[in-house]
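# Structure assessment
One letter stands for each residue in the lines below.
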Amino acid sequence: MFKKILYLLLLCLSTKTFADDGYRLWLKYDLIKKQQERESYARLTKFIVVNSQLDIIKTASIEFQSGLKGLLGKSVPVVTSSKSTGGIVFQLSLNKDLNEEGYSITSQNGNIVINANTEKGILYGTFELLRNIQTGKSLANISIVSNPKIQYRMLNHWDNPLGTIERGYAGSSLWKWYELPENIDPRYKDYARANASIGINATVVNNVNASARFMTKEYLLKVKALADVFRPYGIKVFLSINFAAPKILKGTKTSDPLDPQVRAWWQAKTQEIYSIIPDFGGYLVKANSEGEPGPQDFGRTHADGANMLAEALKPYTGVVIWRAFVYKPSSKDDQKGDRYKEAYKDFKPLDGQFDKKVIVQVKNGPIDFQPREPFHPLFGAMPKTPLAMEFQITQEYLGFTTNLVYLAPLFKECLESDTYVNGKGSTVAKVIDGSLHDYQLTAIAGVANTGSDRNWTGHFMSQANWYAFGRLAWNHELSSEQIADEWVKMTLSHEPKTVKTVTKLLIESRENYVNFTTPLGLHHIMGQGIHFGPEPWLMKSDRPDWASAYYHRADTLGIGFDRTKNGSEALLLYTSEVQNQWNDPAKTPLPYLLWFHHVGWKTKLSTGNTLWDELCTRYYTGLASVKDMRKQWDSVKPNIDKEIFEDVAGRLAVQEREAIWWRDACVLYFQQYSKMPIPAQFPKPERSLEEVKKLVEIYQLR
Ligand code: BDP
């Protein structure tokens, strides 16, 4: 009897599938199902040769062991040398083909050798090898050489001291500031592992709208505790600073960057920081933007402010990352006023005036992380100043955590845009990886989407955006498909049809989102403040350029923002080749049309439709595509963990509701101007514009 119960219990345990809560991200290391496959990997991973005591190397070998334990179900011994074959060798030795963090993985005399110039290279190579196993690639005759194209691959956390996250939708901050430095949440380490696995090597832990308290000794000790956890994973900590910190903390009477006392304050503060965190990464600064203090408060320039901080960092390895996200309300008499041009106007004249330690961080587009933007006109315009890319991973304008939107295509679209500054092929990617202008510093930042939610990102599928950001930061030449394919295999399933279906769903998701929210180049027509849901009817705001009408300019004649020489002239900020692409409304690609032109409702487009009909078509097909996404997701149900399946399915249902909301709002609102009927093939919205407008209150979004 007892034996029987025991047998049943064992059977039960061995067949039970545990619900997956998504915590393990893409580092699941679940046992590979096919025994034959496991054995083929096991034959090549009999031992690991490690003969270094460096912390990061230790991290790599521990990760490798735990990875293989999970994937192959066996313990792999770590040895300091071996004469036998069939093992992995960590080889820290000079390799001219590799840069500081690069690695090679090759089959050599029956072993697989991970070679790198530094311990960080070994760590990244280890994760690459694991990824090869996780995604089912053969290791026989493996031959990989990989160098990161960008030096600083960073996350920017907009996390506040009291645990909230600006534009964060996945719970509260990961950092428990009050409990630090004494209490170290084990999650800090898992955060570091996840980042290291995709090559992220820097993190800014606090909001760009920065509290000065991060400069106090108390907080620096908390930050140090985080830095200590991240260091063995090759991750450096940066801090966002409040430019007025010297005055706020009562160290000086002013924060004027040319004031000797202010300069001395920053020097002393920087020295203190390095005495606490010797490998501190540096400062990230939002200045004179959206009410934040900055050098212009004292009649100084952004360069004056940045150079003061660079001077303070001079004795150390740190750098200054100065953000170009600035815009002032244009004055009433400025007929050509356009937020599009603000950063360019402020920064372009400063090219050549920044210290060598300064990087200027530019958002991908000129307005603000919209579902689609043309590339920022500063890219290519500052050959003497290293420019960093700032992408947003958190979905501030892309439906928070109820919308499945895979962002790799958005990132790639910007990176592959051609600035033409040095002729054809002068892509944004080549600007930021330094190859175009020979920048000595290179950086790329992603505004993080992580939070305290168990699955880190709220929407399970948004994990793919964190993953994609890291992979592209390492190598912007990877394709969106390739990254999606890897991610699906590592997190969801290996079953070929599932991989294909989910990859397709991811790839199409961003265009679908654009279609049901801001098709044809519409932008910034979302709910005010919250940046969620539609609000195209917003005519006035505290600032003109926060109102939707400022951007869509709908009237009885047409819709769109004329940014040509007849309008705001923003288009003139680009090279003539780029201008040629977007100058003529008849030739402007439809995704950018209303970014640059005010187009008549009845104008015929390349699709054969009038503008009005095309606009309606996009809203309706956008919704249809969400319905289709739901079907695609349902079709993979048998191969997806139940908990994850249900959660994503539920969010997709909400997304459909939101797509109807957007469609109804925009079609009904713009129809007031076009005065044209909704094309006959589409059913009319079931509610009135007034009813749709009320949803903001009903959902309590304000
Ligand atoms: C906008 C956000 C705001 C940020 C700002 C920034 O709405 O919360 O503080 O960007 O990047 O997208 O500084």
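All of these numbers come straight from a predicted model, not from anything done at the bench.

### Looking at the overall build of the protein chain
In terms of regular secondary structure, the protein chain is built from 21 helices and 16 strands. Radius of gyration (C-alpha) of the protein chain: 26 Å, near the 27 Å computed for a compact globule of 702 residues. Its C-alpha atoms put the protein chain at 80 × 70 × 50 Å along the principal axes. The buried share among the 702 residues of the protein chain stands at 63%. Of the contacts made within the protein chain by residues no fewer than 6 positions apart, 73% connect residues no fewer than 24 positions apart. Just so you have it, the protein chain exposes about 27,900 Å², and 53% of that area is on carbon and sulfur atoms.

### A few points about helix H13 (residues 463-474)
If you check H13, its first and last C-alpha atoms are 17 Å apart, about what 12 residues at 1.5 Å a residue would give, namely 16 Å. In terms of burial, H13 is a largely internal element, 12 of the 12 residues being buried. Here H13 has its buried residues at Gln 463, Ala 464, Asn 465, Trp 466, Tyr 467, Ala 468, Phe 469, Gly 470, Arg 471, Leu 472, Ala 473 and Trp 474.

### A look at the domain arrangement of the protein chain
According to the domain assignment, the protein chain contains domain 1 (25-146), domain 2 (152-479) and domain 3 (516-561 + 598-700). Measuring from the centre of the C-alpha atoms in domain 2 to the corresponding centre in domain 3 gives 31 Å. Listed by partner, the interface residues are 24 residues for domain 2 and 26 residues for domain 3. Buried surface at the junction of domain 2 and domain 3, both sides included, amounts to about 2,100 Å², of which 55% is carbon and sulfur. Taken as a group, Arg 339, Thr 402 and Leu 404 account for 22% of the area that domain 2 buries against domain 3, more than any other trio of residues on that side. Across the contact surface, domain 2 and domain 3 share 0 salt bridges. On inspection of domain 2 and its partner domain 3, the count reaches 13 residue pairs in polar contact (both at pLDDT 80 or more). Considered class by class, the residues forming the side of domain 2 that touches domain 3 number 9 nonpolar, 10 polar and 5 charged.

### Topic: helix H11 (residues 408-415)
Among the 8 residues in H11, 7 count as buried, and that is most of the element. Of the residues making up H11, those classed as buried are Ala 408, Pro 409, Leu 410, Phe 411, Lys 412, Cys 414 and Leu 415. Those residues of H11 that are buried are in contact with strand E13 (387-392), helix H12 (428-432), H13, helix H14 (480-491) and helix H15 (496-517).

### Focus: the pattern of salt bridges
Inspection of the entire model under this criterion finds 42 salt bridges. Here Arg 231 and Asp 228 are joined by a salt bridge, their closest N and O atoms 2.8 Å apart. We classify Arg 231 as partly exposed; its relative accessible area is 29%. Linking Arg 510 and Glu 413 is a salt bridge whose minimum nitrogen-to-oxygen distance equals 2.9 Å. Separated by 97 residues along the polypeptide, Arg 510 in helix H15 and Glu 413 in helix H11 bring together distant segments of the chain. When its relative accessible area of 3% is taken as the criterion, Arg 510 is described as buried.

### Comments concerning the confidence of the model for the protein chain
Confidence in the prediction of the protein chain, expressed as mean pLDDT, is 96, and 97% of residues score 70 or more. Contacts of residues 10-16 to residues separated by more than four positions or lying in other chains number 0 contacts, the stretch itself having pLDDT below 50.

### Topic: the side chain of Ser 480
In this fold, Ser 480 is placed in helix H14. Look past the residues within four positions of Ser 480 in its chain and what remains in contact with it is Tyr 406, Ala 408, Pro 409, Lys 412 and Ile 507.

### Quick notes on the packing of aromatic side chains
Tallied over the entire structure, the rule returns 47 aromatic pairs. Summarising the aromatic geometry, the rings of Phe 411 and Phe 469 are spaced 6.4 Å apart at their centres and angled 85° between planes, so their arrangement reads as edge-to-face. With a gap of 58 residues between them, Phe 411 in helix H11 and Phe 469 in helix H13 connect regions that are remote in the sequence. The class of Phe 469 is buried, set by a relative accessible area of 1%. Here a set of aromatic residues connected by ring pairs shows up, and it is made of Tyr 23, Trp 26, Trp 175, Tyr 188, Tyr 191, Phe 230, Trp 456, Trp 466 and Tyr 467. Here the basic side chain of Lys 222 rests over the ring of Tyr 219, its NZ or CZ set 5.4 Å away from the ring centre.

### Quick look at the sheet that holds strand E12 (residues 358-363)
Ordered in space as E7-E8-E9-E10-E11-E12-E13-E14, the 8 strands form a closed barrel in which the pairing is parallel. Strand-to-strand, the axes of this sheet are offset by a mean angle of 25°, without reference to chain direction. The pairing of strand E9 (residues 236-241) with strand E10 (residues 282-285) spans 4 bridges and is classified as parallel. Bridging from a neighbouring strand, Phe 238 pairs with Gly 282 of E10. Across the sheet, H13 lies against strand E7 (152-156), E13 and strand E14 (443-447), angled at about 155° from E7, the strand it touches most.

### Overview of the environment of Pro 409
Positionally, Pro 409 belongs in helix H11. Through-space distance from the C-alpha of Pro 409 to that of Glu 508 is 8.8 Å; in sequence the pair is 99 residues apart. When residues no more than four places from it in sequence are discounted, the contact partners of Pro 409 are Ser 480, Ile 507 and Arg 510.

### Thoughts on the environment of Ile 359
Position of Ile 359 among the secondary structure elements: in strand E12. With 27 residues separating them along the chain, Ile 359 and Pro 386 place their C-alpha atoms 5.1 Å apart. If sequence neighbours within four positions are ignored, Ile 359 has contacts with Tyr 152, Val 319, Val 320, Ile 321, Trp 322, Pro 386, Leu 387, Ala 388, Leu 441 and Ala 443.

### Concerning unusual backbone geometry
In this structure, Pro 181 follows Leu 180 across a cis peptide bond, with omega equal to 5°. As for its placement among the helices and strands, Pro 181 is situated in the loop between E7 and helix H5 (187-197). We note that His 531 has phi near 60°; this positive angle belongs to a residue other than glycine. By the secondary structure assignment, His 531 is in the loop between H15 and helix H16 (548-552). A positive phi angle, near 55°, is found at Lys 675, a position not held by glycine. One can find Lys 675 in the loop between helix H20 (642-674) and helix H21 (689-698).

The rules behind each value
- Residues numbered from 1 in each chain as written.
- Predicted model: local features only at pLDDT ≥ 70, side-chain atom pairs only at ≥ 80, totals over all residues.
- Heavy atoms only, no water.
- Helix = DSSP H or I, 4+ residues; strand = E, 2+ residues; numbered from the N terminus.
- Rg over C-alpha atoms; globule rule 2.2 N^0.38 Å.
- Buried < 20%, exposed > 50% of the residue type's maximum accessible area, 1.4 Å probe, protein only.
- Contact = heavy atoms within 4.5 Å.
- Areas by Shrake-Rupley, 256 points an atom, 1.4 Å probe, with all protein chains shown as cover.
- Expected span 1.5 Å × (residues − 1).
- Domains from an automatic or database assignment.
- Buried area = accessible area lost by both parts, 1.4 Å probe.
- Salt bridge = Lys/Arg side-chain N within 4 Å of Asp/Glu carboxyl O.
- Polar contact = N/O pair within 3.5 Å; in protein donor to acceptor, adjacent residues only side chain to side chain.
- Nonpolar A, V, L, I, M, F, W, Y, C, P; charged D, E, K, R; others polar.
- pLDDT = per-residue confidence, 0-100.
- Phe/Tyr/Trp six-rings, centres within 6.5 Å; stacked < 30°, edge-to-face > 60°.
- Lys NZ or Arg CZ within 6 Å of the ring centre and 35° of its normal.
- Pairing = 2+ DSSP bridges.
- Axes fitted to C-alpha atoms, helices over the stretch in contact; angles between N-to-C directions.

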